[in-house]
Amino acid sequence: MARAPLAALQAFVLAAQYKNLSRAAERLNLTVSALSHQIRALEQRLGQRLFDRGPRGVTLTAHGERLLDAVASPLDAIERALAPVKTS
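Residues numbered from 1 in each chain as written. Predicted model: local features only at pLDDT ≥ 70, side-chain atom pairs only at ≥ 80, totals over all residues. Heavy atoms only, no water.

**Q** Explain the nonpolar core here, please?
**A** One recurring pattern in soluble globular proteins: nonpolar side chains tend to sit buried together. Counting residues in each nonpolar core, the largest one holds 23 residues, and the members touching the most others are F12, V13, L35, L42, F51, L67 and V71. When residues of this core are traced back to their parent elements, those giving at least two are α1 (6–18), α2 (21–27), α3 (32–46) and α4 (62–82). In terms of residues, this core owes the most to one element, α1, which gives 8 residues. Here L35 is in contact with A11, L21, A24, A25, L28 and L30, once residues within four sequence places are set aside. (Core = buried A, V, L, I, M, F, W, Y, C linked by side-chain atoms within 4.5 Å. Buried < 20%, exposed > 50% of the residue type's maximum accessible area, 1.4 Å probe, protein only. Helix = DSSP H or I, 4+ residues; strand = E, 2+ residues; numbered from the N terminus. Contact = heavy atoms within 4.5 Å.)

**Q** Got a minute to help me understand α1 in this structure?
**A** Since there are 3.6 residues in each turn of an α-helix, residues three or four apart along the chain are aligned in direction. The end-to-end C-alpha distance of α1, which contains 13 residues, comes to 18 Å, matching closely the 18 Å that a straight helix rising 1.5 Å per residue would cover. All of the buried residues along α1 are A8, L9, A11, F12, V13, L14, A15 and A16. If you follow the buried residues of α1, they end up packed against α2, α3, β1 (51–54), β2 (57–60) and α4. The first or second residue beyond α1 is K19, which carries a positive phi of 60°. (Expected span 1.5 Å × (residues − 1).)

**Q** How should the pattern of salt bridges be read in this particular structure?
**A** Counted according to the given criterion, the structure contains 3 salt bridges. The residue R49 makes a salt bridge to D52 at a minimum N-O spacing of 2.1 Å. Of the charged contacts, one joins E79 and K86 as a salt bridge, the two residues approaching to 3.3 Å between their closest N and O atoms. Since its relative accessible area comes to 36%, E79 is described here as partly exposed. (Salt bridge = Lys/Arg side-chain N within 4 Å of Asp/Glu carboxyl O.)

**Q** I tried to follow the layout of surface pockets on my own but got confused; where do I start?
**A** Which parts of space are left empty comes out when a probe the size of a water molecule is rolled across the atoms. Put simply, the largest pocket is a space of about 260 Å³. Forming the walls of the largest pocket are 13 residues, and the residues nearest its centre are Q10, L14, L75, D76 and E79. Elements that contribute at least two residues to the lining of the largest pocket include exactly α1 and α4. With 6 residues, the single largest contributor to the lining of the largest pocket is α1. (1 Å grid on protein atoms, 1.4 Å probe; cavity = no way out; pocket = protein on both sides within 12 Å on 5 of 7 lines; lining within 4 Å. Points joined across faces, edges and corners; volume = space filled by probe spheres on them.)

Following this line, the structure appears as structure tokens:
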């Protein structure tokens, strides 16, 4: 199996935290369409819907909640590990 799509996981986590695709896309410097494509590709890879999309934003499905619990902390750890080596 191919490696996990880290960019899509990061997009998923931000969308889940903000409960809003527009705000998450802005934070990642993406269009809402690009962010939505990443999330849909992740959903297809997992074979599960991760969000319920509504007129006032998104809410996590039960599968989405489990994924968020599993990946949010490790992604934060990766960001902290990279911080000392990032160029300013």
